[in-house]
Amino acid sequence: MEPFKDPAVDTSNSHETLKKVRPSWDEYFMRIAHEVATRSTCPRLAVGAVVVRDKRILTTGYNGSPSGMPHCEDVGCLIRIVDGRESCQRTLHAEQNAIIQAAYHGVSVTGASIYSTHQPCLMCVKMIMNAGIEEVHYSGGYPDPLAMELATEGGLAMVRFGATEG
Ligand SMILES: [Zn+2]
Ligand SMILES: [Zn+2]
């Protein structure tokens, strides 16, 4: 019988295989953001965010109810029409929770980047700017033209993940 050979394990000492499977930093943090999103408590949309500076994770957040309040997945979403579209008003957004966690634990996020599974909304963009975060990497679309407009006006870099890699 052939011994099992895990293709992800490089035993050649050349580390060639390892280099191929090793994600870039952007990919690494974005993958973590997607993992964080799995903790979301709102069945409408699962969003995850990771705040990073100098290749170190400072805080993470996912969309969910404020502490001690019932979860959407248990009591249903609190839907209201805001700016012409239906949205769940029960939850704090992933980006907001990541910034709040930083405040709660006394961690400065000035000069950091935020990796989010979705394009941040207008409110989140404003909070990100005032928290001193300088760069947003987002993966999926949650198109909000006004949020993009404001980000550009405020000098906040919005980088769509994967857009430069074709
Ligand atoms: Zn909800
Ligand atoms: Zn938001």
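Residues numbered from 1 in each chain as written. Chains lettered and ligands numbered in written order. Predicted model: local features only at pLDDT ≥ 70, side-chain atom pairs only at ≥ 80, totals over all residues.

J.: Give me helix α4 (residues 94-104): which residues, what numbers.
T.: Structurally, the α-helix is built with 3.6 residues per turn, so residues lying three or four positions apart point the same way. Turning to α4, its buried residues are Ala94, Glu95, Gln96, Asn97, Ala98, Ile99 and Ala102. In this fold, the buried residues of α4 make contact with β1 (48-53), β2 (56-62), β5 (113-118) and α5 (122-130). Within two residues after α4, Gly106 carries a phi angle of roughly 65°, on the positive side. (Buried ≥ 20, exposed ≤ 12 C-beta atoms within 10 Å, placed from the backbone. Helix = DSSP H or I, 4+ residues; strand = E, 2+ residues; numbered from the N terminus. Contact = placed C-beta atoms within 7 Å.)

J.: Any chance you could break down the packing of α4 against α5 for me, citing the residues and the numbers?
T.: For the pair α4 and α5, interaxial distance at closest approach is 9 Å and the crossing angle is 25°. One finds that α4 runs roughly parallel with respect to α5. Remark: the crossing between α4 and α5 carries left-handed chirality. Within the contact between the two elements, α4 uses Glu95, Gln96 and Ile99 and α5 uses Cys124, Met127 and Ile128. Classifying every residue of the contact of α4 with α5 gives four nonpolar, one polar and one charged. (Axes fitted to C-alpha atoms, helices over the stretch in contact; angles between N-to-C directions. Parallel < 35°, antiparallel > 145°, perpendicular 65-115°, else oblique. Left-handed = near helix turned anticlockwise from the far one by under 90°. Nonpolar A, V, L, I, M, F, W, Y, C, P; charged D, E, K, R; others polar.)

J.: Explain the sheet that holds strand β6 (residues 135-140) to me, and be specific about the residues and the numbers.
T.: Strand order in the open sheet formed by five strands is β2-β1-β5-β6-β7, with mixed pairing between adjacent strands. The two strands at the open ends of the sheet, each matched to only one other strand, are β2 and β7 (157-160). The sheet shows a mean angle of 20° between the axes of neighbouring strands, direction not considered. Bridge analysis of β1 against β5 gives four bridges, and the strand direction is antiparallel. When the sheet's bridge partners are listed, Val50 is paired in β5 with Tyr115. Running at roughly 125° to β2, α4 makes contact with β1, β2 and β5 of the sheet. (Pairing = 2+ DSSP bridges.)

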